[in-house]
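Here are the chains, one letter per residue:
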Amino acid sequence: MKLSGLQKFILRKTWEIKKTKISRDNFYSFYDKIKTAPAKKIRANIITKSIERLIERGLVIGFGEKTQHKLFITHIKLTPLGKKTAQKLLGQQAELPFKKSRKTNR
């Protein structure tokens, strides 16, 4: 199963915090390390999409409010499959940021 960097961060963060429900405000710290981070409004949309995709895959359960037109996710919780995936992610070695360049010397 292929996961984005933000999705991996969400799974790791929810596993590290031992509460049952975790607020989505904890996931904004993902963008603290990035030099060219998007605007705050765009960050909220990106985090929402990532959480929705994790819900579709069955890795997390979303809690929130449902209006007539939209669903607002405020908290999430790991499913058993999500716990397994998070443990697997914590056991993996981190990848180094090698740049792939194919320059040929003539």
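My aim in this report is to walk through the structure given alongside it, one point at a time. Everything quoted here is computed from the prediction, not taken from an experiment. (Residues numbered from 1 in each chain as written. Predicted model: local features only at pLDDT ≥ 70, side-chain atom pairs only at ≥ 80, totals over all residues. Heavy atoms only, no water.)

**A look at the overall build of the chain**
Of the regular secondary structure elements, the chain holds three helices and three strands. Shown N-terminal to C-terminal, the secondary structure of the chain runs as helices and strands in the order α-β-α-β-β-α. Burial status across the chain gives 25% buried among its 106 residues. Within the structure as shown, the chain displays about 8,600 Å² of accessible surface, and the carbon and sulfur contribution to it stands at 52%. (Helix = DSSP H or I, 4+ residues; strand = E, 2+ residues; numbered from the N terminus. Buried < 20%, exposed > 50% of the residue type's maximum accessible area, 1.4 Å probe, protein only. Areas by Shrake-Rupley, 256 points an atom, 1.4 Å probe, with all protein chains shown as cover.)

**Focus on the packing of helix α1 (residues 5-16) against helix α2 (residues 40-57)**
The description of two packed helices rests on the angle between their axes and on the distance between the axes. Across the interface, α1 lies against α2 with an axial gap of 10 Å and an inter-helix angle of 70 degrees. The angle between the axes of α1 and α2 places the two elements in the roughly perpendicular class. Side by side, α1 and α2 meet where Leu6, Gln7, Ile10 and Leu11 of the first sit next to Ile46, Ile47, Ser50, Ile51, Arg53, Leu54 and Arg57 of the second. (Axes fitted to C-alpha atoms, helices over the stretch in contact; angles between N-to-C directions. Parallel < 35°, antiparallel > 145°, perpendicular 65-115°, else oblique. Contact = heavy atoms within 4.5 Å.)

**What about the pairing of strand β3 (residues 71-78)?**
Alignment of strand β1 (residues 22-23) against β3, held across two bridges, turns out to be antiparallel. Across the sheet, Ile22 pairs through a bridge with Ile76, a residue of β3. Pairing geometry for strand β2 (residues 60-66) and β3, over seven bridges, is antiparallel. Residue Ile61 lies in a different strand from β3, and its bridge partner there is Lys77. Counted along the chain from β2 to the antiparallel partner β3, the turn is four residues long. (Pairing = 2+ DSSP bridges.)

**A look at the nonpolar core**
Among the nonpolar cores identified, the biggest contains 19 residues, and Leu6, Ile10, Leu11, Phe27, Ile51, Leu54 and Ile76 are the most heavily contacted of them. Listed by contribution, the elements that provide at least two residues to this core are α1, α2, β3 and α3 (80-91). In terms of residue count, the dominant contributor to this core is α1 (four residues). When sequence neighbours within four positions are dropped, the list of residues in contact with Leu54 reads Leu3, Gln7, Ile10, Leu11, Leu59 and Val60. (Core = buried A, V, L, I, M, F, W, Y, C linked by side-chain atoms within 4.5 Å.)

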